[in-house]
Structures are given as C-alpha cells and as structure tokens.
Amino acid sequence: MTSAPQATKGPHAGTLFLVDGMSHIFRAFYAIRNLSNSQGLPTNAVYGFATMLRKLMREYRPAYLAIVFDGSQPTFRHEAFEAYKANRAQMPEDLAVQIPYIRRLCEALSVPVVEMERYEADDIIGTLAKKAEAEGLETVIVSNDKDMFQLVSDRIRVLHQAKEDTVFDSEKAEAFFGVPPSQVVDVLGLMGDSVDNVPGAPGIGEKGAKDLIRRFGSLQNLLDNADQVERKTYRESLKENRQQILQSKQLVTIDTQVPIQDEWRSLEAREADSSKLRDLFIELGFQSLLKDFQLEAPRAVGMTPVQPIRTSQDALKVVERLKKEELVYCFLALDHEEPMLATAVQLALKAQDDVWVADFKTDAVRIQDFKAFFECDTVAKVFHNEKAARILLSRAAGTELVGVRWDTMLMSYLVQPNRSNHAFDDICFALLEEKSADPERRGDLLQRVFSSLHPRIRDLGLEKVHHEIELPLSSVLADVEQAGVRVDSDRLNDMSGELDKEMSRLTKRAYQLAGEEFNINSPKQLGEILFEKLNLPAPKKLKKSGQYSTSVDVLEQLASEFELPRLMLEYRQLAKLKSGYVDALPRLVNPQTGRVHTSFNQTVAATGRLSSSNPNLQNIPIRTELGGRIRSAFIPSPGCRLLSADYSQIELRILAHLSNDPVLTDSFRRGEDVHTRTAAEVFGVAAGLQTPDLRRRAKAINFGIIYGQTAFGLAKELGISNGEAQQFIKTYFERYRGVKQFIDQSIAETRKTQMTRTLFGRLRQISDIGSRNPAMRNFAERTAVNSPIQGTAADIIKLAMIRIHHLLREKKLRATMILQVHDELVFDVPEEELNRVESMVRREMESVCELSVPLVVTTGSGPNWMET
C-alpha cells in the first residue's frame, strides 16, 4: 500500500484533492444494494458516497477538497463525434432520486461541488490540477478511471480507493498501466473505449495497443510507420482507420484549458455544518454514519455534579436518602455480557438534581451496601436491562430487585423493534447523539434516554405492552435463566464419540464417490469435486470469491439424484449439531450450579418472539433422530420429571381469529385436524381417503400462507411444478376467502400506516412496503401479513409465562420453569407435584386470552426432554 499524500508538502502547505463525483456515485450504487430509509427512498448510493468521503477526510486530511461533476448538457466531444457515449444507458431511477441527497451531503460537509456545462468532470479536474501544479501545489485525483493516468506528473497523483488505497505517482502508474503517463492518451486513443463509444483502431485491443505504443513511442510515430508493424490485422487497421484513430485520441484527451472560474484557493477544506449533516443523516436513517462523522462529542451543558460513594458508610447515607425519593434512575454496569458470569463494576444513581457513582473495583464499597434500596418497593426505579441487574443482585447480594417501573432497553425495543441493537451506548447515541463512555455520566444519560423514550411509548400506545408483558416477563426470565437446566454430560460425551465415527464413515464414503481425498469441510474443494470432476449440474459461481456455491439450497437440488450432495447434507448437519450442542453443552455447564444457563433475549426478534443464546436452544431440530438424542441429554433434577407444554398450531388459530374465515374457524371449533380439512378443501379428497403425503402438502400450504410463500417456494418444497403450486394456492384462496381478504387488508392497511400491530398492541414498522425495489416491497408485504400473527403468538406465550410463574410462587410449589422454545414451555417438576402442575399449566396457557377459536395445549412428561 502506498503511503498517504503528505498534507503539508509543497510551497502552499497543503494538497488539493479532486474527487470524480459520478464515478464514485455509480460505484457506490452498484456495490451496495437494497438499502433504503423508513420512507422507502433508496439510499445505497448516498451511503456509499458518504463513507467514501469520510474515509478520504479521515485518512488524508485534505487541505483543499472538491467534488467534481459532469455538466448536464452535451459536451464539445458530442459535437466533434455524434456517436460519443451513444451507448450509455439512462441513469437508473433508483440512482437518479439520490443525486439531490448527495448534493445536500456535500453542502452539509461544506465540500464545494464544481461543474461546468459542456465539459466533463475529467476536463474540470485536469484544468484545476494543472492550475495548482503551475503554482507549486500538489494534487491528488480521487478516481478509479484509467483515463486519469494521463494527468500524472511530479505534482499530480491518482488515488484508487479500495480496502487498501493505492496512490499512483508516475512510476506506479507506468507499472500498473504498462506505459508512462505521457503515453497513456496514445494507448487510449488506439484501443478505444466501448463504454464511451470511442472507436479507436478496430481489432487492436488493450494489450496490442500498449505493445505498439511502447515499441513506437507515440501514436503519431506508429501511424507514420504502420508499414513496419508485422501483424497484418494491426497493420491494415492502422492504415485504413488513421483519421478515426486520431479523432479517438482527441476524444480521450483530457482538456486542461477549461475556462472555469473556480480557483484551487477557493476549495480550502472547511468544517461541516453539523446541524445540516445531522438532519440529513437522520432523514436517511444513517445512524452509524453520525458516529463516523463524530457528531457525538459529549456536551457539558446541563451535567449534574457527581458525588462519589467511596465507603459502605457513604452508601448507607445515600440509601437512606434514596428511600425517600419517588423515582430513581439506576445504571448497574457489569463486567460480562452474561449476568450469570458477571460481577458488578459500577452503580450510577440519579434522583432529582443529585447524581452518585459507586465504583466497586476501586473504592471500599460493595453492591450489598445498597440492598435496602433495591428491596424498597415504595421507590420507583428506572433501569436499563433490569433482567441482568436482577440476576446479578440475586447472585451477588441475595437481593430481590423490586420497584422497577421502567426499563429503557425494553422501551427502546418496543419503539423500534427492527433496530438490531438496544445496548445503552447505541441508544444513547441514537437518541441523544452522545456516548456513555464516561461512566460518571450514566445516571444523567439514563434520565435523558428515558425522557426521550417515554413520550414515544405513550404516543404509540405501548405503555400496556411494556407494563403488562415485557417488564414483568423480564423478571420471569431472570428466574428461568438462574434456574438453568441439567444436562447429562456423560451421555453427550458418548454421543460425541458416536458422531465422530459416523462422520468418519461419511467422509470415507465421500472420498469413494469423489475418487480422491479432499477437505470435506472446504466449500471450494467440494465445489470443484462436484462441478468440475464429477460434472454435476453446476450453479453460478459466487460473484465475490469466484468459487462454486455449495450452499444447502444447491445441495438439496442435487440430493434427489446424486449421492455425494445427499451425503454432504447429512455430514454438515452432524457436524453442525456436534459442534453447536453435543460438544458445546458440557463446556457451558456452570461450575457453581452444575447446570446450563441459556440467555433469553427479549430485544432481538422484531416480531416479539424470544430468542436464546449461549446456547441457542431454538435451533435444535425437533423431528430428527439426532435432534431427539440431543434433547434426551436435558434431564430433570433428582426426584423430578420434565414437563413440556406446547401450544398446538397457535399461529393458524390466530390466523383464524384475525381473518374470521368461516372454514378455518369451523375446523378449529370442531376440533378437526386442520391439515386434513385443508387437504379436503384444496384437493377434494375426503378425510378417510387421504394419504400422509396429501396431508403433508396441505400442511405446507397452511403454513406457507402465513409466511407469504410464493408458488415458486411451495413448488420447491413439495417437489412439484410452479403451475401445480400456483393452482393449489388459487384453490386455497377460493375455499378460504376470509384468509385472502385478511391478507389483502393487512397489506393495504400497512401501506397506509407503515406499521402492524398485534392483538395486544405491539407494533412493528414496515417502511419498505412503499419501496421502489420490488424484492424489498414483496418481502415487506409478506412481513405485513405474518408479523401480527407471529407477534400475537409471542405475546400469548409471554403472558402465559407471567401467569404461571406467579402461580408457582403464590402456591409455593417447587416446580420451576426452565425453558421456553418457540411455542413450548418446559418445567422441572417434583414427581409429587406433577399432576397438579400439569393441570395448572394447561389451564393457564389455554385461558390466557379469548380468541374466536380455542387455544389448545398438549402436555407430556418424562425423564428427559425428548421423552416429554
């Protein structure tokens, strides 16, 4: 990588950077796809251009800087050669709408835009560069266009921006292009340019042009001595097209005498207009770029002086004061993202105009010193991630946290469920444009974050979801995570050995089928074996890596006909489950508790569903033999049984309620098998005459409808033609007209409001439903249909968890809720409580809310999770 240009070199103590504007805009547009703001406006080109500018400004600190654009009118080249750039396609609409925003970006950054009618950006860049050169100033031309090499000199260089930037001086330009800068225009004129419709010499390509110019020294000398060219086709082309070649050279020659008024002195770098930049980035949804452009500088205005709590005596005095407050903001910092493994680092507190900070690492104060405050129910508390605080306080101080009224992490999630991260640092910046890097400021910042989120929660009607679902659930999950689940490590270790043998057998068989040994874990080598050596029907190569795709989709297409792809699917599944569960679970056993403590995440899935991590228990296959064997390693406490309670077809029942479809509703009210009923409705086959395959097809259609599956997707899943799949869907909607009406109304309403709601009021923004991009719009329409269904299912099981957890405590039962996976709850239950708890769990889950069709729960118990 060439070193960066020195910003202080030269008599004018600076370097002029000239950016080829449209060149970078097109590169950004095609490099970044499917990016838009909340209103559906494409933003990929603006984002890419902004990141390019930020990188340039950060790494090179230009003293002078300008963005150069082409003029909008035809140039002198069009007048000289009518066909010039005649092949250029019209600018894509998705790009054209972004150009005004790129100009606003330049204005907000205080970066001058230079352009002049009848001249191209190359000519303006060349003129400014030569003017600067004449006065002793160095210029760097920021462009990946090879034409720019003709301008390179002792004081003019070209910068190619990539992962590793390259700055081309004369020597590097010659090494890269093949001729010195003085001969570049001769090569370009000779070889022509198909993109700009510059003809050049027919039959002479880039390599030939460079070889000829290196040999003859110049285009003029080459044309004058064309008889000396040995290759007949070259010789004839040079003689027959002399005038065309000379004209081509004129077309590719950059004009450095443009009568432009701008001087390089007027292009001095200036500070950005932070207000304009902030408004633009917020409008475009570029939160991360706000950080990159360093708008998050801490503000000193309004900060409350911090009072340190250095001893236990200080803590007791503060606690007495806090117990008299109505509302206290509490930020508990941990040293590990897993609260079961964490210790408390710091506690920041704010009440009215007072801020306190206790540092547990450096001062003689302990988290236990605040026990009376945490257990005081008369003081309302605001936390960020109260679940983590609750677990830590229970473990480290034997304290039950009470009185929490708000959790800003949950508030942020409810307001923006599509947001990927609700960590305190991230939402501080998103809401306040500030960082929480200074620990002493966290009490202040927590109050300000709450003050920003609270009116949004209220205005969006989300208070009930926060108070009745998410906040009470966080305390339930804290207990579930602390309870953990026992795993039989010996069984898993035995299973690991068995899987090693099975994977070894599969590997040997793969070698036999391939006819040679290869790295079975290498997609590249597997692709070469499948599609080059064995000549199986090959997919397109991956664009970036240049290797064949061996993804699951590709292998599944081949597996029905060929053994090796089928074997590889089996091998990969074994390897994935072995590394992710069989080998990982014993390592995740907590040495203090002897149990595995998964983390349940409330703020990840945009639908409202819970997810789990370390380990992710939701990815264990339910219906495969190996998945069952892994589940068999989850075992109860001594003297207990595992109890499983699972909602039956809850999403289809919610669809029946929301759509009020008479056929679907009737089926559930009668207690029929809904897939059997669908098979009868769609295929016209009576229940008693149906085959298992027919029911499977009906099931695929039922669930495919919820997730907006296309005819293509259904055809692929069922192994039928697109026409058959389309007919199945058409027939389904003819029989289930209420479902079709619900889908159409959901999409239409979401298009108006750009959001969906569950039965309980949880919202999800779906801004892409107005996107100009068909793929993004179609995905948004599918999301508009399934989000209310999935979200309502999530709300229902969360409410059931809250009610059951409360009853277990109220009745002083020893049974413990230990897992939640999809629509299933798992309990560790003493054998003597089993019948009572099973009856209670089923009752509470089935009666948690009233739908137009019954909620049905299936339960089972056993000595391990598989046998429940």
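Small disclaimer: the values here were computed from a predicted structure and weren't measured.

> Can you break down the overall build of the chain residue by residue, with the values?
A count of helical and extended segments in the chain gives 36 helices and 22 strands. Across the 868 residues of the chain, 53% fall into the buried class. Sequence separation of 24 or more characterises 67% of the internal contacts of the chain that already satisfy a separation of 6 or more. Here the chain has roughly 39,100 Å² of accessible surface; of this, 48% comes from carbon and sulfur atoms. Looking at the chain, you have 111 positive and 119 negative side-chain charges, and the mean spots of the two groups are 2 Å apart.

> Which residues make up the side chain of H24, and what values go with them?
With respect to the helices and strands, the residue H24 is situated in helix α1 (residues 21-31). Of the residues examined, H24 reaches a relative accessible area of 6% and is grouped as buried. Within the structure, the side chain of H24 is placed 3.0 Å from the backbone oxygen of D20, a separation counted as a polar contact. Those residues in contact with H24 that sit more than four places away from it in its chain are V19, F49, M52, V142, S143 and Q161.

> Account for helix α6 (residues 121-134), naming residues and giving values.
In a regular helix each residue adds 1.5 Å, so 14 residues correspond to 20 Å; α6 covers 20 Å between its end C-alpha atoms and thus fits that length. Of all 14 residues that make up α6, ten are buried, and the element is covered over most of its length. If you check which residues of α6 are buried, you get A121, D122, D123, I124, I125, G126, T127, L128, A129 and A132. Just past α6, the residue G136 takes up positive phi, approximately 85°.

> How would you explain the packing of aromatic side chains if you had to name every residue and give the values?
Tallied over the full model, the rule gives 21 aromatic pairs. Residues F26 and Y30 carry aromatic rings whose centres are separated by 6.4 Å and whose planes lie at 15° to one another, so their mutual orientation is stacked. Here F26 pairs with Y30, and both are found in helix α1, just four residues apart, close to one helical turn. Assessed through its relative accessible area of 52%, Y30 is described here as exposed. The structure contains a cluster of three or more aromatic residues connected by ring pairs, namely F149, F168, F176 and F177. For R231, the ring lying beneath its charged end belongs to Y234, and the centroid distance is 4.4 Å. The ring of F733 carries the charged tip of K740 above its face, separated from the ring centre by 5.6 Å.

So, how was this worked out
Every chain is numbered on its own, with residues counted from 1 as its sequence reads. Only residues with pLDDT of 70 or above have their local features reported here, since the model is predicted, and side-chain atom pairs are shown and tallied only from 80 upward, although totals for entire chains, interfaces and linings are computed over all residues. Computation of side-chain values covers all heavy atoms of the structure but excludes hydrogens and water. Each helix is a run of DSSP H or I of at least 4 residues and each strand a run of E of at least 2, with the numbering of both proceeding from the N terminus. Residue exposure (1.4 Å probe, protein chains only): buried if accessible area is under 20% of the type maximum, exposed if over 50%, otherwise partly exposed. Only heavy atoms matter for contacts: two residues are in contact if any of them lie within 4.5 Å across the pair. All accessible areas in this document rest on Shrake-Rupley with a 1.4 Å probe, and a residue is counted as covered only by the protein chains that are shown. Charge counting follows a simple rule: Lys and Arg are positive, Asp and Glu are negative, and His as well as the terminal groups are ignored. Charge positions are represented by NZ for Lys, CZ for Arg, CG for Asp and CD for Glu. Within 3.5 Å is the distance limit for a polar contact, defined as a pair of N or O atoms, with the added protein rule that one can donate a hydrogen and the other accept it, and that residues adjacent in sequence qualify only through two side-chain atoms. Take the number of residues in a helix, subtract one, and multiply by 1.5 Å to get its expected span. Two aromatic rings from Phe, Tyr or Trp, using only the six-membered ring of Trp, form a pair when their centres are within 6.5 Å; if the ring planes differ by under 30 degrees the pair is stacked, by over 60 it is edge-to-face, and anything between is tilted. The rule for a charge over a ring is simple: NZ of Lys or CZ of Arg within 6 Å of the ring centre, and within 35 degrees of the ring normal.

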